[in-house]
Amino acid sequence: MLPTILTTGRPNALVRARLASAFDVHHLDEAPDREALLAAVGPRVRGLASTGHAGVGADLMDRLPALEIVAHFGVGYDPVDVGAAAARGVVVTNTPDVLTEEVADTAFGLLLATVRELSAAEGWLRAGRWETDGPYPLTRGSLRGRSLGIVGLGRIGRAIARRAEAFGLPVAYHSRRPVADVAHPWYPSAVDLAAAVDTLMIVAPGGAETRHMIGPAVFDALGPEGVLVNVGRGSVVDEAGLVEALRAGRVLAAGLDVFEDEPRVHPGLLDLPRVVLLPHVGSASVATRDAMGALQVDNLEAWFAGRTPPTPVPETPVPAR
Ligand code: NDP
């Protein structure tokens, strides 16, 4: 009998096709009656394929007593309660590496668009103002002469650092501990890092530990020429505090791909100048999303073939099988 897999969120077409060919699959968030589906298949579900922000918490796991593995679509697995999984002996996997360069490209594009006001300049052209009013006003910001601080020098942070070097920007970083094989200066706190640079790139994961790590003290350390870019998680930045800091001119500009309450965006951000807002598109190309989906299913297939899944998260390590 094929192992039963439950999906949450909206799996992409590649994931759907591969799951359907290897498993008995049920889609929780597309069921007309979730309760009825959980009552019918919950007891035999052995694997969960989760996508998106809908949480996989203890309450759901309690409905799935035979659950062995949660394969999450995405490198950031903050929607999955890994503590609850570990307590139940459930393995959690994510999809690292295959999205690193894509997200770093997006991050750098967002940085450039923010500093040089590229979205607003295009809006100027599309509104016909180039013809009626003349050239778009000179931007106060420039990437030239800036120094970049990266909060979270992990896989994606390091790929962003490589791009920054090619653009001639000095790089410094903050993470909980210094990275052994990196020469960039390390700062023990986000505030210390912000005081040393004028441009801050957030690439740290979400979760309780990083919640609002970037708040008023960091904005003020960054200063009135400061630019903040967040491609990590919305929860890391105090969004209301950022709106206040931007309004008061305590920081110059912000580029955000992630938000505290997606898909809702703080209304105060929408009408500020020098703010570029993207709808969480960091990894959102067909090729990269397919690579993530393939790795998500690879983890499930490996597990149910008795092999070690390729990318378990550190909180639920898997002994070699
Ligand atoms: P990594 O685990 O490789 O890197 C995470 C980095 O954050 C590490 O340098 C880690 O260093 C640091 N970090 C973790 N916790 C803290 C903390 N409490 N304080 C300071 N630094 C911390 O992950 P990736 O680079 O692969 O991905 C990073 C994040 O990017 C993901 O978790 C996800 O949230 C986000 N992301 C966003 C995407 C988008 O579409 N916008 C797409 C993909 C990912 P240390 O452990 O030493 O503290």
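Small disclaimer: the values here were computed from a predicted structure and weren't measured.

About the criteria used
- Residues numbered from 1 in each chain as written.
- Predicted model: local features only at pLDDT ≥ 70, side-chain atom pairs only at ≥ 80, totals over all residues.
- Heavy atoms only, no water.
- Helix = DSSP H or I, 4+ residues; strand = E, 2+ residues; numbered from the N terminus.
- Rg over C-alpha atoms; globule rule 2.2 N^0.38 Å.
- Contact = heavy atoms within 4.5 Å.
- Buried < 20%, exposed > 50% of the residue type's maximum accessible area, 1.4 Å probe, protein only.
- Axes fitted to C-alpha atoms, helices over the stretch in contact; angles between N-to-C directions.
- Parallel < 35°, antiparallel > 145°, perpendicular 65-115°, else oblique.
- Left-handed = near helix turned anticlockwise from the far one by under 90°.
- Nonpolar A, V, L, I, M, F, W, Y, C, P; charged D, E, K, R; others polar.
- Domains from an automatic or database assignment.
- Buried area = accessible area lost by both parts, 1.4 Å probe.
- Salt bridge = Lys/Arg side-chain N within 4 Å of Asp/Glu carboxyl O.
- Polar contact = N/O pair within 3.5 Å; in protein donor to acceptor, adjacent residues only side chain to side chain.

Caption draft 1: Spotlight on the overall build of the protein. When helices and strands are tallied, the protein shows 13 helices and eleven strands. Expected size for 321 residues packed as a compact globule is a radius of gyration near 20 Å; at 22 Å, the protein falls within 12% of this value. Its C-alpha atoms give the protein principal-axis dimensions of about 70 × 50 × 30 Å. Within the protein, contacts between residues at least 6 apart in sequence are counted, and of these 57% link residues at least 24 apart.

Caption draft 2: Examining the environment of Ala254 more closely. Examined against the element boundaries, Ala254 turns out to sit in strand β10 (residues 253-256). For Ala254, a relative accessible area of 0% gives the class buried. In sequence terms Ala254 and Gly74 are 180 residues apart; their C-alpha atoms lie 24 Å from each other. Excluding anything up to four places from it in sequence, Ala254 contacts Thr114, Leu228, Leu242, Leu246, Arg274, Val275 and Val276.

Caption draft 3: Quick peek at the packing of helix α1 (residues 13-22) against helix α13 (residues 286-304). Relative orientation of the contacting elements α1 and α13 amounts to 20 degrees, with a least axis distance of 9 Å. Between α1 and α13, the angle is such that the two are roughly parallel. When the axes of α1 and α13 are compared, the crossing they make is right-handed. Residues Leu14, Val15, Arg18, Leu19 and Ala22 of α1 pack against Asp290, Gly293, Ala294, Gln296, Val297, Asp298, Leu300 and Glu301 of α13. Residue composition of the contact of α1 with α13, grouped by class: seven nonpolar, two polar and four charged.

Caption draft 4: Layout of the domain arrangement of the protein. What the domain assignment lists for the protein is domain 1 (4-96 + 287-304) and domain 2 (100-277). Between domain 1 and domain 2, the C-alpha centre-to-centre distance is 32 Å. Facing six residues of domain 1, the contacting portion of domain 2 comprises seven residues. With both sides pooled, the region where domain 1 packs onto domain 2 buries about 550 Å², and carbon together with sulfur makes up 49% of that total. Considering only the surface of domain 1 that becomes buried against domain 2, His53, Asp78 and Thr288 emerge as the three largest contributors, covering 63% of it. Across the domain 1-domain 2 interface, the total number found is one salt bridge. Note that Arg233 and Asp78 form a salt bridge whose closest N and O atoms lie 3.0 Å from each other. At the junction of domain 1 and domain 2, the tally comes to four residue pairs in polar contact (both at pLDDT 80 or more). Its residues assigned to classes, the side of domain 1 that touches domain 2 shows two nonpolar, three polar and one charged.

Caption draft 5: Seen up close, unusual backbone geometry. The omega torsion of the bond from Glu262 to Pro263 falls at 5 degrees, within 30 degrees of zero and hence cis. With respect to the secondary-structure elements, Pro263 resides in the loop between β10 and α12 (267-270). The phi angle at Asp97 is positive, at roughly 70 degrees, despite the residue not being glycine. Checked against the element boundaries, Asp97 lands in the loop between β5 (91-93) and α5 (100-115). Of note, the phi angle at His212 is positive, near 55 degrees, even though the residue is not glycine. Topologically, His212 is positioned in the loop between β8 (199-202) and α10 (216-222).

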